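These are the residues of each chain, in order.
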Amino acid sequence: MNQKGITLIYGEEEWIKNEALNKIKSQSVDESDLMNYTTFEGKDLIVSNLIDTGETMPFFAEEKLIVVRKSGLFKAGRKEDTQNLLDWLKKKPNYTKIVFVEDEIDKRNALYKYVKSDFEVIEGVCPDDEALMRILKEACKERELKIEDYLIRYLIMNLPRNIGHILIELDKLASYVGKEAVTKEVINEVCVFSLEQRVFELLKAVSQKNTSQALAIYNKLIESKESPIGVLVLIARQYRILLQVKYLLRTQTPIKQISQSVGVPYYVAQDLSKQAQSFSFKVLQDILELCLESDSAIKTGKMEPVKCIELLIIKCITIQ
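Described in the following lines is the structure provided in the data block. (Residues numbered from 1 in each chain as written. Predicted model: local features only at pLDDT ≥ 70, side-chain atom pairs only at ≥ 80, totals over all residues. Heavy atoms only, no water.)

Before going further, it helps to spend a moment on the pairing of strand β2 (residues 37-41). Both β2 and strand β3 (residues 64-69) contribute to a ladder of five bridges, which runs parallel. Bridge pairing in β3 links Thr39 to Val67. Crossover connection from β2 via helix α2 (residues 47-55) to parallel β3: handedness right-handed. (Pairing = 2+ DSSP bridges. Helix = DSSP H or I, 4+ residues; strand = E, 2+ residues; numbered from the N terminus. Right-handed = clockwise from strand over helix to strand, strands pointing away.)

Right, here's the structure in full:
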């Protein structure tokens, strides 16, 4: 923790936030020291109780640590409480260290501005691809999981961009394979991919003109009770992204910038770039037109939804 003893940790990535908090704990009071470690949680926090705790001298120690979680004090709605806490923080005892852990903050908030101006603010966001790769490689090492780098990248591409979620999937893989090596087939069998990621794999098979694999993925989606309309929406969205990527490639835009422009991880942008090169602009535009026709055919009752999307997949392959 910084020398002045106030830290704000915020953001959606819980693993990053917990790592930051654990580092502070390791350098400060042990949470088993109930006399000198206190937590407050929730928007029902009574600020006067927090201040009273902060004013109380440490018990046979040089300092005490207070952790405040999800208080909502860094957003609008608790103006009086925010001001009272702010007034106290400006004169709080040096022996009291305080960490705020929030999901969301408002950067116009007076409390945020005060902490940001002179103390420590840590944003809990998922790291870039290289940093995430390092974290996951270390996690695999800790679990004695035999897995190649390209398969870790496959997990990054196909799982939600959430470290905690990916670590749970690594635990499942470790339990499943034991001392054996992880394969792509095992990952597909054990890990739960989102509908969006499974559609991405489907269209990857389409770009490779692998009809049997594309239809196999689609049939599994239907067996999993996924909506054909939902699949169609994602197919159309994915082809719009491919069209956007193709335009960016034409202007020689670097992959890293493409990743940022379309809002996908770097490794996904690499894969999209390869897929985009296998289509002409006209083919991508024709496929998007087919998607519109399929949507109309389903909504007007001209075709049964499951068969309609199956036919669309075949047309996407044959039109190339």
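So, about the side chain of Asn36. Relative to the helices and strands, Asn36 is located in the loop between α1 (14-26) and β2. Among the polar contacts listed, one links the side chain of Asn36 to the backbone nitrogen of Phe59, at a separation of 2.7 Å. The contacts of Asn36, once residues within four sequence positions are left out, are Val29, Pro58, Phe59, Ala61, Glu63, Lys64 and Leu65. (Polar contact = N/O pair within 3.5 Å; in protein donor to acceptor, adjacent residues only side chain to side chain. Contact = heavy atoms within 4.5 Å.)

With that settled, the discussion passes to the sheet that holds β3. Pairing within the open sheet is parallel, and its five strands lie in the order β2-β3-β4-β1-β5. Every other strand in the sheet has two partners, leaving β2 and β5 (120-123) as the edge strands with one partner each. With direction set aside, neighbouring strand axes in the sheet form an average angle of 15°. As paired strands, strand β1 (residues 6-10) and strand β4 (residues 96-102) are joined by five bridges and run parallel to one another. Its bridge partner lying in β4, Tyr10 is registered against Glu102. Contacts from α2 reach β2, β3 and β4 within the one sheet, and its direction differs from that of β3 by about 165°. Across the face of the sheet, helix α3 (residues 79-89) comes into contact with β1 and β4 while running at roughly 145° to β4. (Axes fitted to C-alpha atoms, helices over the stretch in contact; angles between N-to-C directions.)

Just geometry here; none of it tells us what the structure is for.
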